[in-house]
Amino acid sequence: MSLPAAPAATGTLYVVATPIGNLDDISARALRVLAEVALIAAEDTRHSQRLLQHFGISTALAACHEHNERDQGGRFLARLQAGEDVALISDAGTPLISDPGFHLVRAARAAGIRVVPVPGACALVAALSAAGLPSDRFAFEGFLPAKTVGRRAKLEQAREDARTLIYYEAPHRLLESLADMRDVFGPERLAVLGRELTKTFETLKGLPLGELYEWVAADSNQRRGECVILVAGWQAPEGEDAVSGEALRVLDLLLAELPLKRAAALAAEITGVRKNLLYQAALDRQKGA
Ligand code: SAM
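So, a few notes on the structure that sits alongside this text. (Residues numbered from 1 in each chain as written. Predicted model: local features only at pLDDT ≥ 70, side-chain atom pairs only at ≥ 80, totals over all residues. Heavy atoms only, no water.)

### Structural notes on the pattern of salt bridges
According to the stated counting rule, one finds 16 salt bridges in the structure shown. Of the charged contacts, one joins Arg151 and Asp180 as a salt bridge, the two residues approaching to 2.8 Å between their closest N and O atoms. One end of the pair, Arg151, is in helix α6 (residues 148-158); the other, Asp180, is in helix α7 (residues 174-185), and 29 residues separate them in sequence. Residue class for Arg151 comes out buried when judged on its relative accessible area of 0%. (Salt bridge = Lys/Arg side-chain N within 4 Å of Asp/Glu carboxyl O. Helix = DSSP H or I, 4+ residues; strand = E, 2+ residues; numbered from the N terminus. Buried < 20%, exposed > 50% of the residue type's maximum accessible area, 1.4 Å probe, protein only.)

### Quick word on the nonpolar core
Formed by 22 residues in total, the largest nonpolar core has its most connected members in Tyr167, Leu178, Met181, Phe185, Ile229 and Val231. Breaking this core down by element, the ones donating at least two residues are α6, β7 (164-169), α7, β8 (190-195), α8 (209-217) and β10 (227-231). Top contributing element to this core by residue count: α7, with 6 residues. What Tyr167 contacts, discounting residues up to four positions off in sequence, is Glu141, Gly142, Leu144, Leu155, Ala158, Met181, Phe185, Cys227, Val228, Ile229 and Val231. (Core = buried A, V, L, I, M, F, W, Y, C linked by side-chain atoms within 4.5 Å. Contact = heavy atoms within 4.5 Å.)

### Structural notes on the sheet that holds β10
Through backbone hydrogen bonds, the strands of a sheet pair up, either in parallel or in antiparallel fashion. Strand order in this open sheet of 5 strands is β6-β7-β10-β8-β9, and the pairing throughout is mixed. Each end of this open sheet is capped by a strand with a single partner; those strands are β6 (138-143) and β9 (203-208). Strand-to-strand, the axes of this sheet are offset by a mean angle of 20°, without reference to chain direction. As judged from the 4 bridges shared by β6 and β7, these two strands associate in the parallel manner. Looking at the pairing, Phe140 lines up with Ile166 of β7. The strands touched by α7 within the sheet are β7, β8 and β10, with β10 carrying the most contacts at an inclination of about 5°. (Pairing = 2+ DSSP bridges. Axes fitted to C-alpha atoms, helices over the stretch in contact; angles between N-to-C directions.)

### A few points about the site of the ligand
Near the ligand there are 19 residues, and of these Thr94, Asp99, Ala123, Tyr168 and Cys227 occur at the shortest range. At a separation of 2.8 Å, a nitrogen atom of the ligand approaches a polar side-chain atom of Asp99. At a separation of 2.9 Å, a nitrogen atom of the ligand approaches a polar backbone atom of Leu197. Protein burial of the ligand: of its 570 Å² of free accessible surface, 91% is covered by the chains. Elements with a minimum of two residues in the shell around the ligand: β7 and β10. Residue classes in the shell around the ligand are distributed as 10 nonpolar, 4 polar and 5 charged. For the shell around the ligand, the two domains that each supply at least three residues are domain 1 (12-121) and domain 2 (124-231). (Near = heavy atom within 4 Å. Polar contact = N/O pair within 3.5 Å; in protein donor to acceptor, adjacent residues only side chain to side chain. Areas by Shrake-Rupley, 256 points an atom, 1.4 Å probe, with all protein chains shown as cover. Nonpolar A, V, L, I, M, F, W, Y, C, P; charged D, E, K, R; others polar. Domains from an automatic or database assignment.)

### Here's the deal with the packing of aromatic side chains
Here the structure, examined in full by the defined rule, presents 2 aromatic pairs. Ring plane angle 65° and centroid distance 4.8 Å describe the contact between Phe140 and Tyr168, whose orientation is recorded as edge-to-face. Of this pair, Phe140 sits in strand β6 while Tyr168 sits in strand β7, placing them 28 residues apart in sequence. Ring centres 5.8 Å apart and planes at 65° place the aromatic pair Phe143 and Tyr168 in the edge-to-face group. One end of the pair, Phe143, is in strand β6; the other, Tyr168, is in strand β7, with 25 residues separating them in the sequence. The exposure class of Tyr168 is buried, given its relative accessible area of 10%. One aromatic cluster in this structure is built from Phe140, Phe143 and Tyr168. (Phe/Tyr/Trp six-rings, centres within 6.5 Å; stacked < 30°, edge-to-face > 60°.)

Structure, rendered in structure tokens:
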């Protein structure tokens, strides 16, 4: 009597970072994994083919981009479940970071498949590591909406975030985004533009937003290539009399429903701001000050 076949061990999904410009930034481990796996799931197979050719790697490639990731995920899972190893790469940097891969990684983990990161270049981390802005806490905000109304609304949400803010931006929208940042965060807020990192024209320019906007506006070369914008986190204005925008927002909501005194008292309880400050702010608002 023959024994039932043991279930085949599943393969591993490697999430492999590739360079963001300088090919020397690929790790020895990434090269080994890419050469050894059965299949590479790539955002753009033609783009990645050039990278693999450069390193003499001939592993088969299959497309895994934002339009087919959900549908094709099953195909990669089937290969993994059959015991083959698969590597996931994007066009540049770390997959899943403003790049495809999330659905595949989630599905693989849900299916009990081992997912292994092979870390390397990532534009936001590279920019943060050299920008000289506080790096103990930061918020990666990805790409901003393309249209001004949406972009400003998104920026408003982050206006009083004390963490360093990090945005990816396309070069043709850089100037409009800097203008909106200047208007929402204020021209004095410090920012750093990281452009063409790890490449020939690498630039890291730190200036207050008002000046950074002018600097980029005056030089069209600064609107070429790839860029990351880092903005210093919000700092509460000095002095006790400052009422934060969030406290004013709460106050406005309550003023719309309640008498002034009651609204100020409740806003004080909710926000922790002194009642007399909010009372004065409510009076100013009613006077239209
Ligand atoms: N997955 C990538 C990563 O790990 O950084 C990001 C991919 S996202 C589609 C591309 C964006 O990343 C660009 O528009 C730019 O904002 C930023 N970026 C990529 N490479 C860069 C570089 N060399 N210098 C500055 N920003 C870069």
